[in-house]
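Structure assessment
Each chain is listed here by its residues.
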Amino acid sequence: MVQPLLALAPTLLVIAFFLLGPSNWSRRRTWARAITCAFVGVVALRYVIWRLTETVLPYPNDGANFYWVWFVFIVEVLAFSEVVLFLILMSRYVDRSAEADRLGQAFFAQREGDLPTVDIFIPTYNEPLDVLERTIVGALALDYPKDKLTIYVLDDGRREWLKTFCEGRGAIHVTRPDNAHAKAGNMNNGLRVSSGDFIAIFDADFVPYRNFLRRTLPFFSDETIGIVQTPQHFFNVDPVQSNLGLEKIWPDEQRLFFDEIAPSRDSWDVSFCCGSCSIARRKAVDAIGGFPTESITEDLLTTLSMLNRGYKTRYLNERLSMGLAAENLTGYFVQRERWCQGGIQTLYLHNGPLRGPGLSLFQRIMFLPMSWLVQYLVRFVVLLVPIVYLWFGALPLYFTDAGDYVSHQVPLLAAYFLLMLWITPTRYLPVVSSAVGTFAAFRMLPTVISSLVRPFGKPFKVTPKGSGNEANAFDAYTFTWIAGFIVVTALGLLINIVPETAQIRGAFSPIAALWSGINIIVLLIASLICFEKPRRLFQAFKVDEVVEVDGSKGHVVSLSLEKAVVAVPAETRFQSDRVRLTIDGFKPLQSDLKLVTQRRGDVTRSGDRRRYYLHLYFDLRGSERDKMIVKLYTGRYSQDIPDIDKVAVSVNLLLRAFGRTRTA
């Protein structure tokens, strides 16, 4: 038994630790990370020991409830194992930008006249021209000697129009008679027709920045480096951002991995290739017999195969490319189901983490697909526990009193959430992050189970992207599951709140009620993701550059391949709806003036004159369009969200939920 006031003491201790320690430490320092992660690990271990000794072992063998208690505990042990691996991983961090500076000076100074040859592989299957042209033009614009650089467009769609486009731009169009082994087979065919010392890979929807090779090649001065991976950044919003209405205030879902987890993996020498936006040493690829075809995630298996041969993967956490995130929920799940299945497939392969030669025990553990195997099961059980109690009275543990529970559970939750907020302050919010994971669980948990039973049962499936992929959809399957859990949870609460119908009156009831309330909030947020918002057909970048419109000065504030939004003084007048837009470096663009808007209260920088916003549409062709692609997509602009406005996120979610409720 724990006295009510004493029950809060461990939680207050956790809060005090973070206030006195991590909040005053740099989260990039290894010693600070190690101390903080160790502290959270101790809190988690304390909880697991309490669960086993005080809430599981004392539980009598009274039938079904006994097995339910053990099942919940085993799931928690799995979650604890994943958390421990995560804490070990995140206890280190490395930033290799300074190393890239140092290595780059030596690399290019020593080899100025004898730089290595580089092949750019752009594997493609069914992507349209509006996707492919950016990647091909961006690759051709790389800052590297043209006689040392060859662009290969590996076309598994065998399209004549793409061949014509490549020939007109100076890229090599490569096809093969069949599509055996999907993307890996396509790239292996590319190996047969190319000979560069290094191979950079960009998916059909990723545009390399001009300095990509200048920043990555120097790492290969170390002969043990087989691959250098860079992060994947995006110029569009993903469906989670869009459907939650958080496009401008919440980062894309993959930022947590690429900005925080990947650098930590690199510090432990367990970084892995993510396919696109990477560059590999041809000698290392040849040593493993080409890109592995046994798994649908050839990138992860390439890393493992190279580790078997003594080669390492390095991670340079710099924005060196931009691409398309999954544009709708269909693409979102196609992509993640492929990643999940491919990660689980490695458990069954001769070159995977369990059986691959040359791997240390630590590497084997860190390459286990624990996150795929555990996270969705845990989220499902979290939703299930209060329902089982409210409807059937089945306790998830041998319960003593609320104080004892609060004394052990709450400190763990506080420690984990505070750790995440400290390590990744601009990439994580507990409720929103939990809602995103819960939303995915209903589709991903079946994928986990099917991949364990039949790991090679599904073929490689390309993520749909680009034009022709605009259809709005409603994820009825996931929404039905979410709505069902909300209704069952809410009814269970209602039945047990009303004295006449209450079936459960145990000491666990207040905790079950609170747990249910939190689950309902998380599920409500998750339900919003099911409603697809219209997808933009083009992506505009925020800019601030001086331009001229029919000779009048203005500032372009938004720019895309098809449109510019230009701010001009309110007194500016034009003779027609057909105007000439002059942007530095371009021929004057004949533009259609489709709309003029004035934002209330908007003033120029001088503070005394209002502005009109001109919406100008143009149709770029040939070299002028290529120049605009290079201007927009090869390093000058970014769509990244640097910070989270937590208040704005909360307000937007409330408004979106209210609006969806009224619509329903």
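Below or above, wherever it landed, is the structure these notes cover. Please read all numbers here as calculations on a predicted model, not as lab measurements. (Residues numbered from 1 in each chain as written. Predicted model: local features only at pLDDT ≥ 70, side-chain atom pairs only at ≥ 80, totals over all residues. Heavy atoms only, no water.)

Re the overall build of the protein
Applicable threshold: Put simply, DSSP H or I for four residues or longer makes a helix, DSSP E for two residues or longer makes a strand, and each gets a number counted from the N terminus. The atom set for the radius of gyration is the C-alpha atoms, and the globule formula is 2.2 Å times the number of residues raised to the power 0.38. Each residue's exposure class comes from its accessible area (1.4 Å probe, protein chains only) as a fraction of the maximum for that residue type: buried when under 20%, exposed when over 50%, partly exposed otherwise. Contact between two residues is taken to exist if any of their heavy atoms lie within 4.5 Å; hydrogens are not considered. To be clear on the numbers: accessible area is Shrake-Rupley with a 1.4 Å probe, and residue cover counts the displayed protein chains and nothing else.
The helix and strand tally for the protein stands at 22 helices and 15 strands. The C-alpha atoms of the protein give a radius of gyration of 27 Å, which matches the 26 Å a tight globule of 664 residues would have. Each of the three principal axes of the protein carries a C-alpha extent, and together these read 80 × 65 × 50 Å. Here the protein holds 664 residues, and 55% of them are scored as buried. Across the protein, every contact between residues at least 6 apart in sequence was considered, and the portion connecting residues at least 24 apart equals 78%. Surface exposure of the protein reaches about 29000 Å², of which carbon and sulfur atoms provide 60%.

Observations concerning the pattern of salt bridges
What counts is decided by this rule: Definition used for salt bridges: Asp or Glu carboxyl oxygen within 4 Å of a side-chain nitrogen of Lys or Arg.
Scanning all chains against the criterion turns up 34 salt bridges. For arginine 636, the salt bridge goes to glutamate 545, with nearest N and O atoms at 3.4 Å. With arginine 636 in the loop between helix H21 (622–633) and helix H22 (646–663) and glutamate 545 in strand E10 (residues 541–549), this residue pair connects regions lying 91 residues apart in the sequence. Classification of arginine 636 as exposed rests on a relative accessible area of 54%.

Side note on the sheet that holds strand E1 (residues 118–124)
For clarity, the cut-off: Being paired, for any two strands, means DSSP has found at least two bridges between them. To get an axis, fit a line to the C-alpha atoms, keeping to the stretch in contact for a helix; angles then go from 0 to 180 degrees between the N-to-C directions.
Pairing is mixed in the open sheet, where 7 strands are placed in the order E3-E2-E1-E4-E7-E6-E8. The two strands at the open ends of the sheet, each matched to only one other strand, are strand E3 (172–174) and strand E8 (312–315). Within the sheet, the average angular offset between the axes of one strand and its neighbour, ignoring direction, is 25°. The sheet contact formed by strand E6 (residues 225–229) and strand E7 (residues 278–281) spans 3 bridges and is antiparallel. Following the sheet pairing, valine 228 is matched in E7 by isoleucine 279. Packing against the sheet, helix H6 (residues 129–140) makes contact with E1 and strand E2 (149–155), and its axis sits at approximately 180° to E1.

Some words on the packing of H6 against H21
This is how it is decided: By definition in this entry, angles of less than 35 degrees are roughly parallel, angles greater than 145 are roughly antiparallel, angles of 65 to 115 are roughly perpendicular, and the rest are oblique. Under this grouping Gly is polar, as are all residues other than the nonpolar Ala, Val, Leu, Ile, Met, Phe, Trp, Tyr, Cys and Pro and the charged Asp, Glu, Lys and Arg.
Where H6 meets H21, the axes come as close as 9 Å, and the angle between the chain directions of the two elements is 80°. Judged by the inter-axis angle, H6 sits roughly perpendicular to H21. Between H6 and H21, the residues in contact are Glu133, Arg134 and Val137 and Arg625, Asp626, Ile629, Val630 and Tyr633, respectively. Among the residues forming the contact of H6 with H21, the class breakdown is 4 nonpolar, no polar and 4 charged.

A word on the packing of aromatic side chains
Rules: Each pair of aromatic rings taken from Phe, Tyr and Trp, with Trp reduced to its six-membered ring, is defined by centres within 6.5 Å and is described as stacked if the planes are under 30 degrees apart, edge-to-face if over 60, and tilted in the remaining cases. Geometrically, a lysine NZ or arginine CZ counts as sitting over a ring once it is within 6 Å of the ring centre and also within 35 degrees of the ring normal.
Using the criterion set out here, one finds 37 aromatic pairs in the structure. A centroid spacing of 6.3 Å and a plane angle of 85° characterise the contact between phenylalanine 17 and tryptophan 25, whose relative ring orientation is edge-to-face. Ring geometry for tyrosine 332 versus phenylalanine 333: centroids 5.1 Å apart, planes at 85°, classification edge-to-face. In this structure, tyrosine 332 and phenylalanine 333 share a single accessibility class: buried. The aromatic ring of tyrosine 93 is capped on one face by arginine 28, whose charged end is 4.0 Å from the ring centroid. It is arginine 92 that lies over the ring of tryptophan 268; its NZ or CZ is 3.7 Å from the centre.

A look at the pairing of strand E15 (residues 611–617)
By the criterion of burial, E15 is predominantly enclosed, with 5 of the 7 residues buried. One ladder, built from 7 bridges, connects strand E12 (residues 563–569) with E15; its direction is antiparallel. Paired with valine 566 across the two strands is leucine 614, which belongs to E15.

Considering the environment of histidine 408
For clarity, the threshold we go by: For the purposes of these results, a polar contact is taken to be a pair of N or O atoms within 3.5 Å, where, inside protein, one atom must be able to donate a hydrogen and its partner to accept one; residues adjacent in sequence count only when each atom of the pair is a side-chain atom.
Relative to the helices and strands, histidine 408 resides in helix H17 (residues 402–423). With near-sequence residues (within four places) excluded, histidine 408 lies in contact with Arg46, Tyr47 and Trp50. Of note is the side chain of histidine 408, whose polar atom sits 2.9 Å from the backbone oxygen of aspartate 404.

Structural notes on the side chain of arginine 336
Relative to the helices and strands, arginine 336 is located in helix H14 (residues 329–345). Judged by relative accessible area, arginine 336 falls into the buried class, the value being 7%. What arginine 336 contacts, discounting residues up to four positions off in sequence, is Glu253, Gln254, Trp372 and Met444.

Concerning the side chain of asparagine 351
Within the secondary structure, asparagine 351 sits in the loop between H14 and helix H15 (361–366). Beyond its immediate sequence surroundings of up to four residues, asparagine 351 is in contact with Glu294, Leu301, Leu304, Ser305, Asn308 and Gly356.

Focus: helix H19 (residues 476–497)
Going by this rule: The span you would expect from a helix comes to 1.5 Å times its residue count less one. Throughout, the arc means that of the directions going from the helix axis to the C-beta atoms.
The end-to-end C-alpha separation of H19 is 31 Å, in line with the 32 Å expected for 22 residues at 1.5 Å each. Buried within H19 we find Thr478, Ile482, Phe485, Ile486, Thr489, Gly492, Leu493 and Asn496. Looking down the long axis of H19, one finds its buried residues gathered within 135° of arc, a one-sided arrangement. In this structure, H19 carries Thr480 and Leu494 as exposed residues pointing more than 90 degrees from its buried face. Of the surrounding secondary structure, the elements contacted by the buried residues of H19 are helix H16 (370–392), helix H18 (430–453) and helix H20 (509–528).

Quick word on the environment of valine 406
Structurally, the position occupied by valine 406 is in helix H17. Along the primary structure valine 406 and valine 56 are separated by 350 residues, whereas in three dimensions their C-alpha atoms are 17 Å apart. Other than its neighbours up to four places away in sequence, valine 406 contacts Ala7, Leu8, Thr11 and Pro411.

Re a nonpolar patch on the surface
Short version of the rule: Like charges within 9 Å and nonpolar side chains (Val, Leu, Ile, Met, Phe, Trp, Tyr) within 5 Å are joined into patches, using only residues over 30% in relative accessible area that form no salt bridge.
Side chains of Trp391, Phe392, Val487, Val488, Leu491, Leu494 and Val498 sit close together on the surface and give an oily, nonpolar patch of about 620 Å² of accessible area. Contributions of two or more residues to the nonpolar patch are made by H16 and H19. If one sorts the elements of the nonpolar patch by residue count, H19 sits on top with 4 residues. As for its position among the elements, leucine 491 is in helix H19. Classification of leucine 491 by relative accessible area gives partly exposed; the value is 40%.

Some words on the packing of helix H2 (residues 9–20) against helix H3 (residues 30–56)
Two elements in contact, H2 and H3, have axes whose closest approach is 11 Å; the angle formed by their N-to-C orientations is 170°. Relative to H3, the element H2 lies roughly antiparallel. Between H2 and H3, the contacting residues are Pro10, Val14, Phe17 and Phe18 on the first element and Ile35, Thr36, Phe39, Val40, Val43 and Arg46 on the second.

Looking at the nonpolar core
Convention followed: Here, the term nonpolar core denotes a set of buried Ala, Val, Leu, Ile, Met, Phe, Trp, Tyr and Cys residues that are joined through side-chain atoms within 4.5 Å.
Core analysis: the largest hydrophobic core is formed by 70 residues, its most contacted members being Ile120, Ile279 and Leu581. For this core, the element with the highest residue contribution is H6, accounting for 5 residues. Every residue in contact with isoleucine 279, bar those within four places of it in the chain, is listed here: Val118, Phe198, Ile199, Ala200, Phe212, Leu213, Thr216, Leu217, Phe220, Gly226, Ile227 and Val228. Val48, Phe86, Cys274 and Phe399 belong to the second-largest nonpolar core, a separate cluster that totals 62 residues.

A closer look at unusual backbone geometry
The phi dihedral of alanine 182 is positive, around 50°, even though this residue is not glycine. Secondary-structure assignment places alanine 182 in helix H8 (residues 182–193). With a relative accessible area of 22%, alanine 182 lands in the partly exposed category. A positive phi angle, close to 60°, is found at aspartate 269, a residue other than glycine. Looking at the secondary structure, you find aspartate 269 in the loop between helix H11 (255–267) and E7. According to the relative accessible area criterion, aspartate 269 is partly exposed, its value standing at 27%.

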